[in-house]
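# Fold and geometry: a report
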Amino acid sequence: MLGYIFARQAGIDDPLRLRRAESTRRVLSLELNKDKDVERIHASGISTLDIEPIEGRYMLSGGSDGVIVLYDLENSSGKPCYTCKAVCSVGRSHPDVHKFSVETVQWYPHDTGMFTSSSFDKTLKIWDTNTLQPADEFNFEGTVYSHHMSPVATKHCLIAVGTKSPKVQLCDLKSGSCSHILQGHKQEVLAVSWSPRYEYILASASADSKVKLWDVRRASACLITLDQHNGEKSKASSEAANTAHNGRVNGLCFTSNGLHLLTVGTDDRMRLWNSSSGENTLVNYGKVCNESRKGLKFAVSHGCSPEFVFVPYSSTIAIYTIYSGDLITMLRGHYNSVDCCVFQPHLQELYSSGRDSNILAWVPSVREPEPDDASEKCLNPAYEDAWSSSSDGEG
């Protein structure tokens, strides 16, 4: 670490190298924070979490009871042991509460004054954070599994929605209507995600084992259907052509730079794809246990070297290096299956939730100073006190 500081002072190194090194160290030391608790509001499992990208201070949670809670993650007490309090919530008594499980919550990417939620009750709701009232509502024919707003869009306000229908639906916040329908999947769409690099590129994952990349500006919007065999499948193989997994694909996430796409499926595999060419990079992560019957929400790091992916793995969270596939560690602390995890890149913290109704905070471990007795033993004689009191030597 001192080498990075000296190189930065001398102007030899880019200041980002120091930041990247420290961010990486902090991720590698993640542990369950025993001093930081998140107030327990949900009476049942928690399906989804989202931290607003502007300050990284406020977090939304959505539960299988239909309840949505907004938390303040900042320690305003000044004490080392504290609880992240719920600022407000859309509880069961709220007139506009979701009737069934909330599957996705997301902050509006540019302003904390608005957030969105979607549910098994076949609705997508746009909420005013200040009044906690829905500003708009979209209704669908089937269960809503996932939705996503682009983090970088400046020329459109489209929300991609995955439902029980095989069609990906695009809802326009400006017009208040479903403006586009993307056809190509044969079964329900379990996950959708916009590229963080290109505002018109969208990825969708389906129960039909396929993952598609779309350019929503085009009439024939599908750009690529990802193929796990990169077009080299044997004709004798029983596996279907152009499939990303040998089971339902229930989770996807772009890397922070948007150059690659990660997918997970019920075949207990995670795959890394080149998002431009659609090529399977063939990185081997080993078995990635995935028993979820709905969408699985996982996260990637930002500003580290190497970059990491955090994946719910039964009742634990597995941390892998993205580009080499190495399993770094398993975070243990939940008592039941984990459904969601989100990464806070400003402080390199991780938050996870699952069916045990708990939200756990994983934070970098603090570097502990050496014990006093050890430091005394190692003290250089040059720093020892050479003075003696008048009482020394008496008697």
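Remember, predicted model here, so these are calculated numbers, not experimental data. (Residues numbered from 1 in each chain as written. Predicted model: local features only at pLDDT ≥ 70, side-chain atom pairs only at ≥ 80, totals over all residues. Heavy atoms only, no water.)

## With respect to the pairing of strand E13 (residues 158-163)
Burial analysis of E13 places six of its six residues in the buried class, the great majority of the element. With burial as the criterion, each face of E13 is covered, one bearing Leu158, Ala160 and Gly162 and the other bearing Ile159, Val161 and Thr163. In this structure, strand E12 (residues 144-149) lies alongside E13, joined through five bridges in antiparallel fashion. Across the sheet, residue His147 finds its bridge partner in E13, namely Val161. Pairing between E13 and strand E14 (residues 168-172): four bridges, direction antiparallel. Across the sheet, residue Val161 finds its bridge partner in E14, namely Gln169. From the end of E13 to the start of E14, which pair antiparallel, there are four residues. (Buried < 20%, exposed > 50% of the residue type's maximum accessible area, 1.4 Å probe, protein only. Helix = DSSP H or I, 4+ residues; strand = E, 2+ residues; numbered from the N terminus. Pairing = 2+ DSSP bridges.)

## Re the sheet that holds strand E11 (residues 133-139)
Spatial ordering of the open sheet is given by E8-E9-E10-E11, a layout of four strands whose pairing is antiparallel. On the outer flanks of this sheet lie strand E8 (102-107) and E11, each paired with one strand and no other. The mean inter-strand angle of the sheet, taken between neighbouring strand axes irrespective of direction, is 20°. Judged from the six bridges that link them, strand E10 (residues 123-128) and E11 form a sheet pairing that is antiparallel. What sits directly across from Ile126, in E11, is Asp136. (Axes fitted to C-alpha atoms, helices over the stretch in contact; angles between N-to-C directions.)

## A closer look at the sheet that holds strand E18 (residues 211-215)
If you trace the four strands from one edge of the open sheet to the other, you get E16-E17-E18-E19, paired in antiparallel fashion. Two strands lie at the open edges of the sheet, namely strand E16 (189-194) and strand E19 (222-225), each paired on one side alone. Between one strand and the next, the sheet's axes are offset by a mean angle of 20°, whatever the strand orientation. Pairing of strand E17 (residues 201-206) with E18 involves five bridges; the strand directions are antiparallel. Residue Ala205 lies in a different strand from E18, and its bridge partner there is Val211.

## Some words on empty space enclosed by the protein
The final tally for this structure, using the stated rule, is one cavity of 30 Å³ or more. Lining the largest cavity are Val38, Glu39, Arg40, Ile41, His42, Ile46, Tyr71, Ser357, Asn358 and Ile359. Here the lining of the largest cavity is composed, by residue class, of five nonpolar, three polar and two charged. (1 Å grid on protein atoms, 1.4 Å probe; cavity = no way out; pocket = protein on both sides within 12 Å on 5 of 7 lines; lining within 4 Å. Points joined across faces, edges and corners; volume = space filled by probe spheres on them. Nonpolar A, V, L, I, M, F, W, Y, C, P; charged D, E, K, R; others polar.)

## A few points about unusual backbone geometry
Residue Pro306 is reached from Ser305 by a cis peptide bond, and omega for that bond is 5°. A positive phi angle is found at Ser209, which is not glycine, with a value near 75°. Its place among the elements puts Ser209 in the loop between E17 and E18. A relative accessible area of 14% means that Ser209 is categorised as buried. Its identity as a non-glycine residue notwithstanding, Asn230 has a phi of 55°, on the positive side. Within the secondary structure, Asn230 sits in the loop between E19 and strand E20 (249-254).

## A closer look at the layout of surface pockets
Put simply, the largest pocket is a space of about 1,300 Å³. Of all the elements in the fold, those that place two or more residues in the lining of the largest pocket are strand E3 (46-51), E8, E12, E16, E20, strand E23 (299-300) and strand E27 (338-344). Along the lines of polarity and charge, the residues of the lining of the largest pocket split into 25 nonpolar, 17 polar and three charged. Roughly 260 Å³ of volume is contained in the second largest pocket.

## Here we look at the pattern of salt bridges
Counted by the stated rule, this structure contains nine salt bridges. Two residues, Arg25 and Glu22, come together in a salt bridge whose shortest N-O distance is 2.9 Å. With Arg25 and Glu22 both in helix H2 (residues 15-28) and three residues apart, this pair spans about one turn of that helix. Look at Arg25 and you get partly exposed, because its relative accessible area is 22%. With its nearest N and O atoms 3.2 Å apart, the salt bridge here joins Glu349 to Lys36. Of this pair, Glu349 sits in strand E28 (residues 349-354) while Lys36 sits in strand E2 (residues 36-38); the two residues are 313 residues apart in sequence, bridging distant segments of the chain. Its relative accessible area of 11% is what places Glu349 among the buried residues. (Salt bridge = Lys/Arg side-chain N within 4 Å of Asp/Glu carboxyl O.)

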